[in-house]
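Now for the letters of each chain:
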Amino acid sequence: MPPNRPDNAGRVGEVARVFLKLGTIAFGGPAAHIAMMEDEVVRRRGWLSRERFLDLLGATNLIPGPNSTEMAIHIGLARAGWRGLAVAGTCFIVPAAAIVLALAWAYVRYGTLPQAVWVLYGVKPVIIVIVVQALWSLGTKAVKGLLTGTVGVAVIVLSFLGINEILLLFAGGVLVMALENLPPGRGRKAAVGALAGPALLAATAAQAAEGAAVASISLLKLTGFFLKIGSILFGSGYVLLAFLRADLVERWHWLTDQQLLDAVAVGQFTPGPVFTTATFIGYLIAGWPGAILATVGIFFPSFVFVAISNPLIPRLRSSPWTGGFLDGVNVASLALMATVAWQLGRAAVTDWLTAVLGVLSAVAAFWLKVNSAWLVLGGGVVGLAYRLLS
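Within every chain, residues take consecutive numbers counted from 1 along the sequence as written. The predicted nature of this model means local features are confined to residues of pLDDT at least 70 and side-chain atom pairs, given and counted, to a pLDDT of 80 or more, with totals for whole chains, interfaces and linings taken over all residues. Working from all heavy atoms in the structure, the side-chain values ignore hydrogens and water.

### Thoughts on the overall build of the protein chain
Here is step 1 of the chain: For the protein chain, the count of helices and strands is 16 helices and 0 strands.
Here is step 2 of the chain: Scored against the burial criterion, the 390 residues of the protein chain give a buried share of 52%.
Here is step 3 of the chain: The contacts of the protein chain with a sequence gap of at least 6 include a subset with a gap of at least 24, amounting to 75%.
Here is step 4 of the chain: Accessible areas in this description were obtained via Shrake-Rupley with a 1.4 Å probe; residue shielding takes into account the shown protein chains only. On the protein chain, roughly 16800 Å² of surface is accessible, and the fraction owed to carbon and sulfur atoms is 70%. Starting at the N terminus, helices and strands are each numbered in turn, a helix being any DSSP run of H or I of at least four residues and a strand any DSSP run of E of at least two. Exposure classes here rest on a 1.4 Å probe applied to the protein chains alone. A residue is buried below 20% of its type maximum, exposed above 50%, and partly exposed in between. By definition in these notes, contact holds between two residues if any of their heavy atoms fall within 4.5 Å.

Here it is as structure tokens:
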């Protein structure tokens, strides 16, 4: 990686310009963001070889946090050292967060107007389809055999029974890691118990503490929540839904399902990381301070994880233990995402028009491969048109 010497100043400026542009125009979710990055830094500018780019992309799947944001941070580090790391991530996040913050202000001020309500009415079933599309795409890679498939089904069942999502996430990782790498027999069973026991006890204690906590809103609690999410969340930004709903809607009652769907819709429709949903939610809960602290909380761990993991990239995926843990965490994340998609789908599809919108969006997404940003825009237009014509 380049050191932070005076001759790197030009590279830092290049990194800032590229990622400010991408943070402003990169619609369509993590896969689209990463494709745009590849076009900018491999094809057009030659900053990285295709092989190096793929190595960095693989590394983002081994650490928690938003994949496209972490990819931006990795590229900045590779191109311009530690200053590049900070500049790339910040420049990719800030434009999107600023747009989302402006929309959150407008939502709070005008969200009860009929026009805004009907725009969101049309957007919500589309968002459910986009989540299902992401589930399908990611699931075909995450379910690698009978073991991961079984873990995924078990996590879905246990999630519907109300088991803590962090417990399920880490237990899935530990089980797949152990069962893929330990020989059959009592030794395997004992090791699984030894590995999973502390994780399950810690998660159960955390769940009990959360259940006993007062649901009052505090900036410290809000910041800690999003730091936790940014530190443990693997996979697509859509997996964020499972964690947000469990705490913010069910445990603390800071948001409703409708508000959560609205926040996800805004995060999907705007450019940049889907995790800027946290900016929107932070503003709904605690105004400008909440928006800023939620944004910093959810993204800060990514900078730390990239800085730590970047030098280890050549060795991480080659370890069957690390790879097994990641396989289990990934499939558990998608299982949690599936349960939340079902729960939110019931709130989004409420009549014949939302059902038709859902079906048409599914055709457009799965068959015609329409960009998700256009689908969200189309849903909003249909909802508003229905309101004006009825």
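### Quick word on the confidence of the model for the protein chain
Here is step 1 of the chain: The predictor reports its confidence for every residue as pLDDT, a score running from 0 up to 100. Residues at a pLDDT of 70 or more form 84% of the protein chain, whose mean pLDDT is 82.
Here is step 2 of the chain: Across the protein chain, element-level confidence peaks in helix 12 (residues 277–309) with a mean pLDDT of 95 and bottoms out in helix 8 (residues 186–212) with 48.
Here is step 3 of the chain: In this model residues 198–203 is a low-confidence stretch, pLDDT under 50, and it forms 6 contacts with partners more than four residues away in sequence or in other chains.

### What about helix 11 (residues 257–269)?
Here is step 1 of the chain: A helix is expected to span 1.5 Å multiplied by its residue count minus one. In this model, helix 11 (13 residues) spans 18 Å end to end at C-alpha, consistent with the 18 Å of a helix rising 1.5 Å per residue.
Here is step 2 of the chain: Counting buried positions along helix 11 yields 10 of 13 residues, so the element is predominantly enclosed.
Here is step 3 of the chain: Listed in full, the buried residues belonging to helix 11 are Asp257, Leu260, Leu261, Asp262, Ala263, Val264, Ala265, Val266, Gly267 and Gln268.

### Observations regarding the layout of surface pockets
Here is step 1 of the chain: Both cavities and pockets are sets of points on a 1 Å grid over the protein atoms alone; in a cavity a 1.4 Å probe fits but cannot get out, in a pocket the set is open with protein on both sides within 12 Å along at least five of seven lines, and lining residues sit with an atom within 4 Å of a point. Grid points are joined across faces, edges and corners, and a volume is the space filled by probe spheres set on the points. In this structure, the second largest pocket spans a volume of roughly 420 Å³.
Here is step 2 of the chain: Contributing to the lining of the second largest pocket are 19 residues, with Leu103, Val119, Leu120, Val266 and Phe269 lying nearest its centre.
Here is step 3 of the chain: Elements with a contribution of two residues or more to the lining of the second largest pocket: helix 4 (67–110), helix 5 (114–142), helix 11 and helix 16 (372–389).
Here is step 4 of the chain: Considering each element in turn, the lining of the second largest pocket owes the most residues, 5 residues, to helix 16.
Here is step 5 of the chain: The residue inventory of the lining of the second largest pocket, partitioned by class, reads 16 nonpolar, 2 polar and 1 charged. When residues are sorted by character, Ala, Val, Leu, Ile, Met, Phe, Trp, Tyr, Cys and Pro go into the nonpolar class, Asp, Glu, Lys and Arg into the charged class, and all the rest, Gly among them, into the polar class.

### Thoughts on the pattern of salt bridges
A side chain with one charge may pair with a side chain of the opposite charge, provided their charged atoms come close.
Here is step 1 of the chain: The working definition used for a salt bridge is a side-chain nitrogen of Lys or Arg within 4 Å of a carboxyl oxygen of Asp or Glu. Applying the stated criterion to the full structure yields 12 salt bridges.
Here is step 2 of the chain: Between glutamate 38 and arginine 50 there is a salt bridge, with the nearest N and O atoms lying 2.7 Å from each other. Of the two residues, glutamate 38 is situated in helix 2 (residues 30–44) and arginine 50 in helix 3 (residues 50–60); the sequence distance between them amounts to 12 residues.
Here is step 3 of the chain: Its relative accessible area of 46% is what places arginine 50 among the partly exposed residues.
Here is step 4 of the chain: One salt-bridge network, in which partners are shared between bridges, spans Lys21, Glu40, Arg44 and Arg45.

### Focus: the environment of valine 131
Here is step 1 of the chain: By secondary structure assignment, the location of valine 131 is in helix 5.
Here is step 2 of the chain: Each C-alpha atom, one on valine 131 and one on serine 372, is 10.0 Å from the other, the two residues being 241 residues apart in sequence.

### Considerations on the nonpolar core
Here is step 1 of the chain: Ranked by internal contacts, the top residues of the largest apolar core, which has 80 residues, are Phe226, Phe243, Leu248 and Ile281.
Here is step 2 of the chain: With 13 residues, the single largest contributor to this core is helix 14 (residues 320–348).
Here is step 3 of the chain: The residues touching phenylalanine 243, leaving out its near neighbours within four places in the chain, are Glu165, Ile166, Leu169, Phe225, Ile229, Ile232, Leu233 and Leu336.
Here is step 4 of the chain: Think of a nonpolar core as a cluster: buried Ala, Val, Leu, Ile, Met, Phe, Trp, Tyr and Cys residues, connected wherever their side-chain atoms sit within 4.5 Å. Ranked by size, the runner-up nonpolar core spans 23 residues in total, among them Phe19, Trp47, Leu56 and Ile75.

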